[in-house]
Amino acid sequence: MASHGVRGRSGGRPTLEEVAARAGVGRGTVSRVINGSPRVSDATRAAVEAAVEELGYVPNTAARALAANRTDAIALVVPEPETRFFAEPYFSDMLKGVGSELSETEMQLLLIFAGSDRERARLAQYLAAHRVDGVLLVSVHADDPLPDLLTQLEIPAVISGPRSAAEPLASVDSDNYGGARSAVEHLLSRGRGRIAHITGHLAVYGAQRRVDGYRDALRDAGHEVDEGLIGPGDFTEEGGRRAMAELLRRHPDVDAVFAASDVTAAGAGQVLREAGRRIPDDVALVGYDDSAIARHMEPPLTSVRQPIEEMGRAMIDLLLAEIADRRPVASRGLGRHQVVLATELVERRSS
């Protein structure tokens, strides 16, 4: 039976060294287990946790952080307005995954919005003071200076989706290209021949890859790609409305729409109904994300499911590994940690 509150050899509280001796490992290994690092085997972790339990060891968080030049805090940075964060399920699902994985560690999570120039300037000062051990960046545009700033400051970072194919920072993403292909192939299998695409914000690499998947699926099926059927959007509901209205004006014969997000699809669906177009009889509709919005639309929306919560958990795992890696950020090599998770088409009555 485990005993609690055991005195160490010196008669005081058990020390890190005594935990290491009991577990038969080095002091650094005990630190990694206590700090929640994924770079420890299951057997080693179990041995250290058993020793901690037997000795009644209680980590001195403040002293540990000070000695290691650590803050025991990470920041989830969203370079978007707060209104978009709370309006789109993608962000709340990502936060849920991040929070659930981080709850297994002693790290604290800070949510920081940087949607304006003033917020970005304040964030730059905050990061320069090294008040966090690492940063998660969500919804990063190709021209966003924040990732390069983090590299310059030597702050470990993970991005939810690379800025380009040559992204040097660690990233976690879903298979945007494959997801888009599956959506278009599904519509083609339903006999649709005039398939439009409402894009996401094309400064986001994931939105570009969805356009690539749309085009290639059409070409591989022997269809000519009509660039006029690609409507620029921005992942928002209003963007979906604007793009759908313009597509109907230019191409009233459109018989299917693949939207880059469920929120965008909701906006497009409103315009289609106002124009007297029945879904799916006249125009089939497919979204992306498989959010709660997809299930609550009428008719329920066919959508490409990306594992957003799993992406959040994977980002935390990667970031903890980045924090544990003591090498300079700039020297770690291109593509060292690029995780891509599979998507799945969920069919409902809208198509």
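This text follows the structure it describes.
Residues numbered from 1 in each chain as written. Predicted model: local features only at pLDDT ≥ 70, side-chain atom pairs only at ≥ 80, totals over all residues. Heavy atoms only, no water.

K.L.:
What exactly am I supposed to notice about the overall build of the chain here?
P.N.:
Regarding its fold elements, the chain presents 14 helices and twelve strands. Burial analysis of the chain (351 residues in total) assigns 51% to the buried set. Of the accessible surface of the chain, which amounts to about 15,800 Å², a share of 50% is contributed by carbon and sulfur atoms. (Helix = DSSP H or I, 4+ residues; strand = E, 2+ residues; numbered from the N terminus. Buried < 20%, exposed > 50% of the residue type's maximum accessible area, 1.4 Å probe, protein only. Areas by Shrake-Rupley, 256 points an atom, 1.4 Å probe, with all protein chains shown as cover.)

K.L.:
Would you explain the sheet that holds strand β3 (residues 134–138) in this entry?
P.N.:
Strand-to-strand pairing in sheets goes through backbone hydrogen bonds, with the strands running parallel or antiparallel. An order of β2-β1-β3-β4-β5-β11 is seen for the six strands of this open sheet, with the pairing classed as parallel. The sheet is open, and its two borders are formed by β2 (108–113) and β11 (338–341), each paired with just one other strand. Averaged over neighbouring strand pairs, the angle between their axes works out to 20° when direction is ignored. Relative to strand β5 (residues 170–174), strand β4 (residues 157–160) is paired through two bridges, and the arrangement is parallel. Counterpart to V158 in the pairing with β5 is A170. (Pairing = 2+ DSSP bridges. Axes fitted to C-alpha atoms, helices over the stretch in contact; angles between N-to-C directions.)

K.L.:
What is the right way to look at the side chain of R348 in this model?
P.N.:
Within the element layout of this structure, R348 appears in the segment after β12 (344–346). A polar side-chain atom of R348 sits 2.9 Å from the main-chain carbonyl oxygen of L301. With sequence-adjacent residues up to four places away left out, R348 is seen in contact with D290, A294, R295, P300, L301, T302 and S303. (Polar contact = N/O pair within 3.5 Å; in protein donor to acceptor, adjacent residues only side chain to side chain. Contact = heavy atoms within 4.5 Å.)

K.L.:
Just to check I follow, could you spell out empty space enclosed by the protein for this structure?
P.N.:
A water-sized probe rolled over the atoms picks out the places where empty space is left. Applying the stated criterion across every chain, the model contains two cavities of 30 Å³ or more. Approximately 310 Å³ is the volume attributed to the largest cavity. Around the largest cavity sit 25 residues that line it, and Y90, V204, R210, F235 and Q306 are the ones nearest its centre. Considering each element in turn, the lining of the largest cavity owes the most residues, four residues, to helix α10 (residues 205–220). Of the residues belonging to the lining of the largest cavity, the class tally is ten nonpolar, nine polar and six charged. There is about 30 Å³ of room inside the second largest cavity. (1 Å grid on protein atoms, 1.4 Å probe; cavity = no way out; pocket = protein on both sides within 12 Å on 5 of 7 lines; lining within 4 Å. Points joined across faces, edges and corners; volume = space filled by probe spheres on them. Nonpolar A, V, L, I, M, F, W, Y, C, P; charged D, E, K, R; others polar.)

K.L.:
In this structure, what is going on with the sheet that holds strand β8 (residues 256–259)? I would like to understand it.
P.N.:
Here six strands make up an open sheet; going across it, the order is β7-β6-β8-β9-β10-β12 and the pairing mixed. At either end of the open sheet lies a strand with only one pairing partner, and these are β7 (230–231) and β12. Pairing geometry for strand β6 (residues 195–198) and β7, over two bridges, is parallel. Pairing of I198 across the sheet is with G231, part of β7. Sheet strands touched by helix α11 (residues 237–250): β6, β7 and β8. Its angle to β6, the strand with the most contacts, is close to 150°.

K.L.:
Teacher, can you tell me more about helix α12 (residues 262–274) here?
P.N.:
Residues spaced three or four apart along an α-helix face the same direction, because each turn holds 3.6 residues. For α12, which comprises 13 residues, the first-to-last C-alpha distance of 18 Å matches the rise-based estimate of 18 Å (1.5 Å per residue) to within 8%. Summarising burial for α12: ten of the 13 residues are buried, a large majority. Taken residue by residue, α12 has D262, V263, T264, A265, A266, G267, A268, G269, V271 and L272 as its buried positions. Immediately downstream of α12, the backbone of G276 shows phi near 80°, a positive value. (Expected span 1.5 Å × (residues − 1).)

K.L.:
Explanation requested: helix α7 (residues 117–128) in the structure shown.
P.N.:
With twelve residues, α7 should reach 16 Å at 1.5 Å per residue; the first-to-last C-alpha distance of 16 Å fits that figure. Those residues of α7 that sit buried are E119, L123 and L127. The arc that holds every buried residue of α7, seen down its axis, measures 70°, which confines them to one face. With respect to the buried face of α7, the exposed residues turned more than 90 degrees away are D117, R118 and Q125. Those residues of α7 hidden inside the fold are in contact with β1 (73–78), α5 (82–87), β2, β3 and α8 (146–152). Looking one or two residues past α7, H130 carries a phi angle of roughly 55°, positive in sign. (Arc of directions from axis to C-beta.)

K.L.:
Mind showing me how you'd approach the pairing of β6 here?
P.N.:
Taken residue by residue, a regular strand's side chains alternate between the two faces of the sheet. Side chains I195 and H197 project from β6 onto one buried face, and the interleaved A196 and I198 project onto a second face that is buried too. Relative to β8, β6 runs parallel, the two sharing four bridges. Of the residues in β8, the one forming a bridge with I195 is A256. Running through α10, the crossover from β6 to the neighbouring parallel element β7 is right-handed. (Right-handed = clockwise from strand over helix to strand, strands pointing away.)

K.L.:
Quick question: what am I supposed to make of the packing of helix α6 (residues 89–102) against helix α14 (residues 308–324) here?
P.N.:
Helices that pack against each other are described as a pair by the angle of their axes relative to one another and the distance between those axes. Interhelical geometry of α6 versus α14 gives an angle of 45° and a closest axis separation of 7 Å. When the axes of α6 and α14 are compared, the pair comes out oblique. Judged by the sense of rotation from one axis to the other, the crossing of α6 with α14 is right-handed. On the side of α6, the interface is formed by Y90, D93, M94, K96, G97, V98, S100, E101 and L102, while α14 contributes I308, E309, M311, G312, R313, M315, I316 and D317. Among the residues forming the contact of α6 with α14, the class breakdown is eight nonpolar, three polar and six charged. (Parallel < 35°, antiparallel > 145°, perpendicular 65-115°, else oblique. Left-handed = near helix turned anticlockwise from the far one by under 90°.)

That's the geometry; what it means functionally is another story.
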